Amino acid sequence: MKTLNLKGRSKGFVDFYNFAEEYRRKNGGVFDFRRSKSVLADSCLSAGYFDETTKNIVVALNHKKHEETFVHEFCHFMQFVEQAPVYVNCKDDFWWDMEANKWGIHTWDSMLSTIALEHDCEKRAIHFGRKYKLFNIKKYAQGTNAYMYFLQYVYMNNQWPKSTRLYDSRLPSIMPNKVLPLSKFKHTHQGNGTRSLPKR
């Protein structure tokens, strides 16, 4: 589906959607709404994704957080349109090495660039969330922090989980309710100590 049925949705979301629709048309983006609980992106299940080759903003409509996912993926589209440094400098080596089972310490720089990309995207989403009153900002920030640590988990385990239930778990509820600075995610935390992964 290229358009979303806005009946029954909040005024804030409708206003945001109309803004996003105008921005999409101006910059050649494509809304791709799918009636499923998850979508497949490079063999990984997720609630949505942005594809820069097609400019598709893909969202699984049956996922309970699909509105938040839409905002998040739209922000990736904005990063692409702006050619934001975090977008341009993001390396995808890790994802291909993970698929080929060639994971190693040399891929940390790639994962860290992904964390930086997602961190910037989530801060953009929170900006829109606050401006249009789209969601609970504190809970969204907790989810953001959980997501950043989740990406570290993916790196440490060399695999993307088959479940998309991160936000259904208890993890977000124990996170700080303000987005932690990017510097917090440049280290892996083990026991009582903090270890910085070495540069390649």
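Thresholds, definitions, all that
- Residues numbered from 1 in each chain as written.
- Predicted model: local features only at pLDDT ≥ 70, side-chain atom pairs only at ≥ 80, totals over all residues.
- Heavy atoms only, no water.
- Helix = DSSP H or I, 4+ residues; strand = E, 2+ residues; numbered from the N terminus.
- Contact = heavy atoms within 4.5 Å.
- Pairing = 2+ DSSP bridges.
- Axes fitted to C-alpha atoms, helices over the stretch in contact; angles between N-to-C directions.
- Buried < 20%, exposed > 50% of the residue type's maximum accessible area, 1.4 Å probe, protein only.
- Phe/Tyr/Trp six-rings, centres within 6.5 Å; stacked < 30°, edge-to-face > 60°.
- Lys NZ or Arg CZ within 6 Å of the ring centre and 35° of its normal.

What follows covers the environment of Met175. Relative to the helices and strands, Met175 resides in the loop between helix H6 (137–157) and strand S6 (187–190). It is 5.1 Å that separates the C-alpha atoms of Met175 and Gln142, two residues lying 33 residues apart in sequence. Excluding anything up to four places from it in sequence, Met175 contacts Gln142, Asn145, Ala146 and Tyr149.

The next point concerns the sheet that holds strand S5 (residues 56–60). If you walk across this open sheet you meet the three strands as S1-S5-S4, and the pairing is mixed. On the outer flanks of this sheet lie strand S1 (30–34) and strand S4 (48–51), each paired with one strand and no other. Averaged over neighbouring strand pairs, the angle between their axes works out to 15° when direction is ignored. Both S1 and S5 contribute to a ladder of five bridges, which runs parallel. Bridging from a neighbouring strand, Asp32 pairs with Val58 of S5. Docked against the sheet, helix H2 (residues 66–82) engages S1, S4 and S5, running at close to 165° with respect to S5.

The next subject is unusual backbone geometry. Phi is positive for Lys55, which is not a glycine, with a value near 60°. Mapped onto the fold, Lys55 is located in the loop between S4 and S5. Here the phi dihedral of Lys133 falls at roughly 55°; this positive angle occurs in a residue that is not glycine. The class for Lys133 is exposed, based on a relative accessible area of 73%.

Before going further, it helps to spend a moment on the packing of aromatic side chains. In this structure the tally under the stated criterion is 28 aromatic pairs. Ring centres 6.5 Å apart and planes at 35° place the aromatic pair Tyr17 and Phe33 in the tilted group. Residue Tyr17 is located in helix H1 (residues 11–27), and its partner Phe33 is located in strand S1; the two are separated by 16 residues in the primary sequence. Like Tyr17, the residue Phe33 is buried in the burial classification. Centre to centre, the rings of Tyr147 and Phe150 are 6.2 Å apart; their planes meet at 20°, and the pair counts as stacked. Of the two residues, Tyr147 and Phe150 both sit in helix H6, three residues apart, roughly one turn of that helix. We classify Phe150 as buried; its relative accessible area is 11%. Positioned above the aromatic ring of Phe31, the side-chain terminus of Arg24 is 5.3 Å from the ring centre.

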